[in-house]
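# Residue-level structural notes
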Amino acid sequence: MHGTPEPWRVKSIEPIRLISPEERARAIRSAGYNVFRLRSEDVFVDLLTDSGTSAMSADQWSGIQGGDEAYAGARNWDHFESAIRDITGFPFVIPVHQGRGAETVYTRAFVESGDLVLGNLHFDTTRAHIRNRGAAPVDVVIDEGLDPDDLSPFKGNVDLAKAERVVAAHPGKVHLFVLTLTSNTNGGQPVSLANARQVAAFCKQRGITLVIDAARFAENAFLVSEREPGQIGRSVRDIARDFFDLADGAAMSAKKDALVNIGGFLALRRQQDFDACRPWAILYEGFVTYGGMAGRDLEAVARGLVEGMDEEYLAARIRQVRFLHGLVSDIGIPVVRPPGGHSVVIDAAAFLPHLPRERFPAESLTAALYEAGGVRGVGLGGLAFAEPDPETGELRLAPWEYLRLAIPRRVYTDNHLAYVAGVLAGVWAKREEIEGLRLVEAPSELPHFSAVFEPAGR
Ligand SMILES: Cc1ncc(COP(=O)(O)O)c(C=O)c1O
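A brief structural summary. All values reported here derive from a predicted model rather than from experimental measurement. (Residues numbered from 1 in each chain as written. Predicted model: local features only at pLDDT ≥ 70, side-chain atom pairs only at ≥ 80, totals over all residues. Heavy atoms only, no water.)

Take the overall build of the chain next. When you go through the chain residue by residue, the secondary structure sums to 16 helices and 16 strands. Since a compact globule built from 458 residues should have a radius of gyration of about 23 Å, the 21 Å found for the chain is in line with a globular shape. Taken along its principal axes, the extent of the C-alpha atoms in the chain is 60 × 55 × 45 Å. With 458 residues in all, the chain has 59% of them scored as buried. Considering only intrachain contacts with a sequence separation of at least 6, the fraction spanning at least 24 residues in the chain is 72%. (Helix = DSSP H or I, 4+ residues; strand = E, 2+ residues; numbered from the N terminus. Rg over C-alpha atoms; globule rule 2.2 N^0.38 Å. Buried < 20%, exposed > 50% of the residue type's maximum accessible area, 1.4 Å probe, protein only. Contact = heavy atoms within 4.5 Å.)

Right, dumping it as structure tokens:
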């Protein structure tokens, strides 16, 4: 027994199959060495993302049967709205089909062309939405957050001095701050409540709107309850509420901590913000009592939000992330430390020091891992966070090369994760043989989703 076991038992299963090494080699080749282009049926253990991949509970599935599919005012909307009001305290709730739907709406209301939008570490879709408004995303995470070996407990925290420098250098150009809980980009590193309080005070003094990206708010609150002085032992619900109380709004991809396969919301404190967002929500997402979701989806979110804050569930979830992290670091593989809330992140540049940046170490390692054992992670490296050069339009690679193994919620057993570690050990042993990739084609925005590569040879 190595910690809290899962507070649930398995009721239905879905078969998975490990296809042969030859079939895997064929599959990755025809996917252009980009795992987003693989067929799910060709994947054995799928750690591409923790987004929309959760196993729902019997209670969520039974709620789905009670879906009210009216265009307006479905009873599931009432459940959805009151669950969100109750947890967040925000009076105005706008449903959206997923996290980026909320980004579409709030960036239209809060971001103007030429603005700079501050954030601890903006995620890829957030960055793209900000740029899509003619504005620039600016990361002001603490330096420790970008150092894979630093063991600070809150590597999602904001460096207020950096934020201050941006505001001072660009007077009148900063109207929005997005605080992401936990920070996905560096592996689910949490933000402390003390730091969030400082961010809120900073924003208030300067008239900056503060939006929490709440995709993983419950995992963040759990980590705070474990390690932040003054918060230890407090309930996840109370800590989460303290975070929401600091902000002007929250955007959530419910596909993460609300344990659903689709859905999200934007919740707001001020009437004028709701008025500014509502027309965009109706235009892009759907009427304001469904927002691109079916009635049944609204119900699954309402129930999943509550389940996602269950502390026994969260303890088992975080323990499983740490289990994989421990196995991988015991092999000697360079990983981002300490383990975060939802994923294990491997430093691909340190894993493959013989590959230069233009050979895409993150994507090369991701393809090699798939080929070795049918395990799908995702390269979140220079390419995923590349930005088009404003003058030439050419892609400028971001400074890190990570392979992220995101663990879906309530889906895999420890045996699956031990298998993943075993495959990784084999790849590590033969790391010098891994050839890099050459980029054949990629769009300038969100390039990693559809990039095509070919082996670069030796
Ligand atoms: C922190 C964060 N914000 C926003 C999003 C976008 O959410 P979605 O994929 O539901 O559009 C994601 C997705 O991974 C995320 O991790």
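We now examine the sheet that holds strand 7 (residues 249-253). In spatial order, the strands read 2-8-7-6-5-3-4; together these seven strands make up an open sheet with mixed pairing. Both outer strands of the open sheet, strand 2 (92-96) and strand 4 (136-139), are each paired with one neighbouring strand and no more. Shown here is a sheet whose adjacent strand axes are inclined to one another by a mean of 20°, direction ignored. Across three bridges, the pairing between strand 6 (residues 209-213) and strand 7 is parallel. Across the sheet, the residue bridging to isoleucine 212 is alanine 250, located in strand 7. Its contacts with the sheet put helix 6 (residues 160-169) on strand 3 (116-119), strand 4 and strand 5 (176-180), and the angle it makes with strand 3 is roughly 170°. (Pairing = 2+ DSSP bridges. Axes fitted to C-alpha atoms, helices over the stretch in contact; angles between N-to-C directions.)

In total, this model carries 14 aromatic pairs according to the counting rule given. The ring centre of tyrosine 313 lies 6.0 Å from the NZ or CZ of arginine 410, which sits over that ring. The residue whose ring lies beneath arginine 431 is tryptophan 428, and the NZ or CZ to ring-centre distance is 3.6 Å. (Phe/Tyr/Trp six-rings, centres within 6.5 Å; stacked < 30°, edge-to-face > 60°. Lys NZ or Arg CZ within 6 Å of the ring centre and 35° of its normal.)

Before going further, it helps to spend a moment on the packing of helix 3 (residues 75-88) against helix 9 (residues 236-246). Viewed as axis vectors pointing N to C, helix 3 and helix 9 meet at an angle of 85°, and their least axial separation amounts to 8 Å. Taken together, the axes of helix 3 and helix 9 lie roughly perpendicular to each other. Residue-level contacts link Arg85, Asp86, Ile87 and Thr88 of helix 3 to Arg237, Arg241, Phe244 and Asp245 of helix 9. Tallied by class, the residues present in the contact of helix 3 with helix 9 amount to two nonpolar, one polar and five charged. (Parallel < 35°, antiparallel > 145°, perpendicular 65-115°, else oblique. Nonpolar A, V, L, I, M, F, W, Y, C, P; charged D, E, K, R; others polar.)

Further remarks concern the sheet that holds strand 11 (residues 378-380). Spatial strand order, 9-14-11: three strands in an open sheet with antiparallel pairing. Sheet topology places strand 9 (343-347) and strand 11 at the edges, where each strand pairs with a single neighbour. Along the sheet, successive strands turn relative to each other by an average axial angle of 35°, direction set aside. Both strand 9 and strand 14 (residues 402-406) contribute to a ladder of five bridges, which runs antiparallel. Residue pairing across strands places serine 343 opposite alanine 406, the latter belonging to strand 14.

Time to look at the site of the ligand. Near the ligand lie 13 residues; those nearest to it are Arg100, Asn184, Asp213, Ser253 and Lys256. Side-chain polar atom of arginine 100 to an oxygen atom of the ligand: 2.7 Å apart, as the coordinates give it. Lysine 256 is positioned such that a nitrogen or oxygen atom in its side chain is 2.8 Å from an oxygen atom of the ligand. For the ligand, whose accessible area on its own is 380 Å², the fraction buried by protein is 95%. Looking at which element gives the most residues to the shell around the ligand, the answer is helix 4 (residues 99-110), with three residues. (Near = heavy atom within 4 Å. Polar contact = N/O pair within 3.5 Å; in protein donor to acceptor, adjacent residues only side chain to side chain. Areas by Shrake-Rupley, 256 points an atom, 1.4 Å probe, with all protein chains shown as cover.)

Nothing here speaks to function; it is geometry throughout.
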